[in-house]
Amino acid sequence: MAVGILLVSHPGIAAAVLATARGLLGSLPLPVEAFDVPLDAEPDELLAAASAAMRKVDGGDGVLLLTDLYGASPARLAEKLVHLGTPAHRVSGLCLPMLLRVQNYPEQDLEELTRTAAAGARNGVVVDDA
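The text that follows walks through the structure, step by step, so that each part is easy to find. These numbers come from a predicted model, not from an experiment. (Residues numbered from 1 in each chain as written. Predicted model: local features only at pLDDT ≥ 70, side-chain atom pairs only at ≥ 80, totals over all residues. Heavy atoms only, no water.)

1. Overview of the pairing of strand E4 (residues 88-92)
In step 1: Note that strand E3 (residues 63-67) and E4 share five bridges and pair parallel. Its bridge partner lying in E4, Val-63 is registered against Ala-88.
In step 2: Handedness of the crossover is the feature at issue here: the chain leaves E3, passes through helix H3 (residues 73-82), returns alongside E4, and the resulting connection is right-handed. (Pairing = 2+ DSSP bridges. Helix = DSSP H or I, 4+ residues; strand = E, 2+ residues; numbered from the N terminus. Right-handed = clockwise from strand over helix to strand, strands pointing away.)

2. Comments concerning the nonpolar core
In step 1: Of all hydrophobic cores here, the largest spans 24 residues; its most connected members are Ile-5, Leu-7, Leu-64, Leu-66 and Leu-99.
In step 2: Looking at this core, the elements with two or more residues in it are strand E1 (4-9), helix H1 (13-25), E3, helix H4 (96-103) and helix H5 (110-123). (Core = buried A, V, L, I, M, F, W, Y, C linked by side-chain atoms within 4.5 Å. Buried < 20%, exposed > 50% of the residue type's maximum accessible area, 1.4 Å probe, protein only.)

3. Remarks on the pairing of E1
In step 1: In terms of burial, E1 is largely enclosed, as six of its six residues are buried.
In step 2: Side chains Gly-4, Leu-6 and Val-8 project from E1 onto one buried face, and the interleaved Ile-5, Leu-7 and Ser-9 project onto a second face that is buried too.
In step 3: By the bridge criterion, five bridges tie E1 to E3 in an arrangement that is parallel. Across the sheet, the residue bridging to Val-8 is Thr-67, located in E3.
In step 4: Judged from the five bridges that link them, E1 and strand E2 (residues 32-36) form a sheet pairing that is parallel. The partner of Ile-5 across the bridge, within E2, is Val-32.
In step 5: In this fold, E1 hands off to H1, which returns the chain to E2; that crossover is right-handed.

4. Quick look at the pattern of salt bridges
In step 1: Taken as a whole, this structure holds two salt bridges when the rule is applied.
In step 2: The partner of Lys-56 in a salt bridge is Glu-33, with the nearest N and O atoms 3.6 Å apart. Separated by 23 residues along the polypeptide, Lys-56 in helix H2 (residues 43-57) and Glu-33 in strand E2 bring together distant segments of the chain.
In step 3: You can call Lys-56 exposed: its relative accessible area is 60%.
In step 4: Residue Glu-33 is classed as partly exposed on the basis of its relative accessible area of 25%.
In step 5: Where Lys-80 meets Asp-44, a salt bridge forms, and the shortest distance between an N and an O atom there is 3.0 Å. Of this pair, Lys-80 sits in helix H3 while Asp-44 sits in helix H2, and the two are 36 residues apart along the sequence. (Salt bridge = Lys/Arg side-chain N within 4 Å of Asp/Glu carboxyl O.)

5. A few points about H1
Structural remark: α-helix, 3.6 residues per turn; residues separated by three or four positions point the same way.
In step 1: Between the first and last C-alpha of H1 there are 18 Å, a value that for 13 residues agrees with the 18 Å anticipated at 1.5 Å per step.
In step 2: Considered for burial, the residues of H1 that qualify are Ala-14, Val-17, Leu-18 and Ala-21. The arc that holds the buried residues of H1, viewed along the axis, is 95°, so those residues lie on one side.
In step 3: Those residues of H1 that are buried are in contact with E1, E2 and H4. (Expected span 1.5 Å × (residues − 1). Arc of directions from axis to C-beta. Contact = heavy atoms within 4.5 Å.)

Below, the structure is given as structure tokens:
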């Protein structure tokens with residue numbers, strides 16, 4: 001079994017990051033789905049649909065919720081998902097380096113993968129003085 005990944009973002013972001021990761025890696029070692037949160041949506045209205053998406057990727061080892069912007073509707077929805085009973089952690093700042101990094105460590109448990117996601121985002125930011 002493996003940790004599932006649910007990308008929760010404003011419209012188009014999660015789908016684009018996921019499509020690019022699939023294009024670069026081919027098949028992804030960890031199950032992953034994208035869930036868009038419309039700009040005018042209330043997180044409570046989407047809870048049932050987001051919960052279904054989370055169950056789709058959950059293989060029994062928990063779910064890592066990657067959101068685009070801390071404090072925004074997608075992150076607030078992900079926070080609600082964390083409290084539904086499925087072991088889950090939320091990391092904000094969704095970006096391609098974050099998703100690629102976690103896909104490279106499918107053997108990690110939820111705790112380790114959470115730290116790996118955050119490190120992937122931090123290490124993906126490089127200031128090039130050239």
